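Letter by letter, the chains look like this.
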Amino acid sequence: AVHHPSLASSPDHAIAKKQMPGGFGAVFALELSTEAAAKALPAALHLFKDATSLGGVESLIEWRRKYDTQVSPLLLRVSCGVEDVEHLKADFVQGILAVSK
C-alpha cells in the first residue's frame, strides 16, 4: 500500500489539496507485504540512502520500525530527492524485485 495525500483515497486528500495548491510533496509511506521485505528494501536500493532526514536533496528511505516500535513493521518512509525520476523508479523496481525473491 502507498500512503500519500495526493491520492484521492487518502483521508487527508481534501485538506492537502487546499494547503498545497502548487502540488504535493515528495514524501510518502509505503507498506510491503512482509516485515522481512520491508526491513530488507532500504539495503536493496542503490539511489536511496537508508537514513532519516527531510532537509536534504538526496533520496532517502527508512524502515520505521527500526526507530519506533509503535509503528507497523511493514512501514517504510520514502523521501524522493532531486535525482532523475526515471532512475528512482527503476531503482525501486529492482529493489522490490530483489526483496520479493
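Scope of this entry: the structure provided in the associated data block. A quick note: this is a predicted structure, and the numbers were derived from the prediction, not measured.

### A look at the pairing of strand β2 (residues 27-31)
Put simply, side chains in a regular strand alternate between the two faces of the sheet. Pairing of strand β1 (residues 2-3) with β2, which is carried by 2 bridges, proceeds in the antiparallel orientation. Bridge pairing in β2 links His3 to Ala29.

### Comments concerning the sheet that holds strand β4 (residues 60-63)
With mixed pairing, the 5 strands of this open sheet are ordered in space as β1-β2-β5-β4-β3. Two strands in the sheet have a free side with no partner beyond their single neighbour: β1 and β3 (49-50). The strands touched by helix α2 (residues 35-44) within the sheet are β2, β3, β4 and β5 (75-79), with β4 carrying the most contacts at an inclination of about 145°.

### Re the environment of Val57
The topology assignment puts Val57 in the loop between β3 and β4. Residue class for Val57 comes out exposed when judged on its relative accessible area of 52%.

### Some points on the side chain of Arg64
Note on placement: Arg64 falls in the loop between β4 and β5. Judged by relative accessible area, which is 19%, Arg64 ranks as buried. With residues near it in sequence (within four places) discarded, Arg64 still touches Thr52, Val71, Leu75 and Arg77.

Scoring rules and cut-offs
- Residues numbered from 1 in each chain as written.
- Predicted model: local features only at pLDDT ≥ 70, side-chain atom pairs only at ≥ 80, totals over all residues.
- Heavy atoms only, no water.
- Pairing = 2+ DSSP bridges.
- Helix = DSSP H or I, 4+ residues; strand = E, 2+ residues; numbered from the N terminus.
- Contact = heavy atoms within 4.5 Å.
- Axes fitted to C-alpha atoms, helices over the stretch in contact; angles between N-to-C directions.
- Buried < 20%, exposed > 50% of the residue type's maximum accessible area, 1.4 Å probe, protein only.

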